[in-house]
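Structural features, examined
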Amino acid sequence: MIRLVLLDIEGTTLPISFVRDVMFPYAAKALPELLTRQDNPKVVEAIADIAATHPGESPLSVCESWMAKDEKAAPLKSLQGIAWKSGFDDGALKADLYPDVPPALRSWHDAGLKLAVYSSGSVQAQKLLYGHTAQGDLTPLFSGFFDLSTGGKKDSQSYARIAESMDLPPAEILFLSDIGAELDAASQAGLQVCQLVRPQDGTIAHDGAPQAATLEDVSSLFSLPS
């Protein structure tokens, strides 16, 4: 019996292109001005962290290098989070989820299923995305948000920690992701798994997990409310 659906974001509920082509460029464009904001304690802290690891280097140059290498450096993630919050708050950014996602999430939630998010993006970024979608604020549907502070997504212990945090046996949790290695790790921890294969994202099918093209298909495969 499934009591919790744990969802990845990119390639699962949201097109990868939105993060790659909208969110990242928005943050990159905002960084030069943002790094001058000495009135923001989080910006000052991020600059200090950059200086500690890259003394004498321009914080902007370091951030640009991190972005080019797609490194998940804590100071960069913090600065991106600040930029994204501003963009979502003023309406410049709005997450456009896959059309099958909002109705499925609402159906599952209304039927008593718990919902949670596990993404490499920070919890703050997760809440911004689901709080500012083209379909409205969906954050009230979720009981938990987990990021890399819980552990790596390809580490089975991360999923064991989530199960413990949600006070559920792993076998009662269904994890949805587009990444095969993440699904393997979750399966090793005892979770049920399903791969979302989204044609728009060019997902490579993984032999080690059931596959679905939409959350409606997930409902059919696992006998969830629809």
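Summary of the structure given here. Just so you know, these numbers come straight off a predicted model, no measurement behind them.

Some words on the overall build of the protein
Helix and strand counts for the protein come out as nine helices and six strands. Computed over the C-alpha atoms, the radius of gyration of the protein is 18 Å, within 12% of the 17 Å expected from 2.2 N^0.38 for a compact globule of 226 residues. Reported as C-alpha extents along the three principal axes, the dimensions of the protein are approximately 55 × 35 × 30 Å. Sorting the 226 residues of the protein into buried and exposed places 47% on the buried side. As displayed, the protein offers around 10,400 Å² of accessible surface, 52% of which is attributable to carbon and sulfur atoms.

Structural notes on the pairing of strand β5 (residues 192-196)
Summarising burial for β5: four of the five residues are buried, a large majority. Pairing between strand β4 (residues 173-177) and β5: four bridges, direction parallel. Each bridged residue has a counterpart across the sheet, and for Leu176 the counterpart in β5 is Cys194. In this view, the connection linking β4 to its parallel neighbour β5 by way of helix α8 (residues 180-188) has right-handed handedness.

Some points on the pattern of salt bridges
Within the structure shown, the criterion is met by seven salt bridges. Salt-bridge contacts for Glu172 lead to Arg3; the nearest nitrogen and oxygen are separated by 3.1 Å. A residue pair is termed long-range when its members are at least 10 positions apart, and Glu172 in the loop between α7 (156-165) and β4 and Arg3 in the segment before β1 (4-7) qualify at 169 residues. Measuring nitrogen to oxygen at the nearest pair gives 2.7 Å for the salt bridge that ties Asp8 to Lys153. Placement of the pair is Asp8 in the loop between β1 and α1 (16-34) and Lys153 in the loop between β3 (144-146) and α7, with a sequence separation of 145 residues. On the basis of relative accessible area, Asp8 is assigned to the buried category, the value being 6%. Each of the salt bridges in this network shares a partner with another, and the network as a whole consists of Asp8, Lys153 and Glu182.

Describing the side chain of Asp8
At 3.0 Å, the side chain of Asp8 forms a polar contact with the side chain of Thr12. Leave out the neighbours within four places in its chain, and Asp8 touches Thr13, Tyr118, Ser119, Tyr130, Lys153, Phe175, Leu176, Ser177, Asp178 and Glu182.

Details of the sheet that holds strand β6 (residues 211-212)
Pairing is parallel in the open sheet, where six strands are placed in the order β3-β2-β1-β4-β5-β6. The open sheet terminates on both sides in strands that have one partner only, identified here as β3 and β6. Summarising the sheet, β1 and strand β2 (residues 114-118) pair through four bridges and their orientation is parallel. Bridge pairing in β2 links Leu7 to Val117. Together, β1, β4, β5 and β6 form the strand contacts of helix α9 (residues 215-222), whose direction differs from that of β5 by roughly 145 degrees.

Considering unusual backbone geometry
Non-glycine residue Asp167 carries a positive phi angle of around 60 degrees. The residue Asp167 is located in the loop between α7 and β4 in this model. Owing to a relative accessible area of 68%, Asp167 belongs among the exposed residues under this scheme. Non-glycine residue Ser223 carries a positive phi angle of around 55 degrees. Here Ser223 shows up in the segment after α9.

Considerations on the packing of aromatic side chains
The full count for this structure, using the stated rule, is five aromatic pairs. Lying over the aromatic face of Tyr118, Lys153 brings its terminal NZ or CZ to 5.4 Å of the ring centre. Above the ring of Tyr98, the side-chain terminus of Arg198 is found at 3.9 Å from the ring centroid.

Reading the values: the criteria
- Residues numbered from 1 in each chain as written.
- Predicted model: local features only at pLDDT ≥ 70, side-chain atom pairs only at ≥ 80, totals over all residues.
- Heavy atoms only, no water.
- Helix = DSSP H or I, 4+ residues; strand = E, 2+ residues; numbered from the N terminus.
- Rg over C-alpha atoms; globule rule 2.2 N^0.38 Å.
- Buried < 20%, exposed > 50% of the residue type's maximum accessible area, 1.4 Å probe, protein only.
- Areas by Shrake-Rupley, 256 points an atom, 1.4 Å probe, with all protein chains shown as cover.
- Pairing = 2+ DSSP bridges.
- Right-handed = clockwise from strand over helix to strand, strands pointing away.
- Salt bridge = Lys/Arg side-chain N within 4 Å of Asp/Glu carboxyl O.
- Polar contact = N/O pair within 3.5 Å; in protein donor to acceptor, adjacent residues only side chain to side chain.
- Contact = heavy atoms within 4.5 Å.
- Axes fitted to C-alpha atoms, helices over the stretch in contact; angles between N-to-C directions.
- Phe/Tyr/Trp six-rings, centres within 6.5 Å; stacked < 30°, edge-to-face > 60°.
- Lys NZ or Arg CZ within 6 Å of the ring centre and 35° of its normal.

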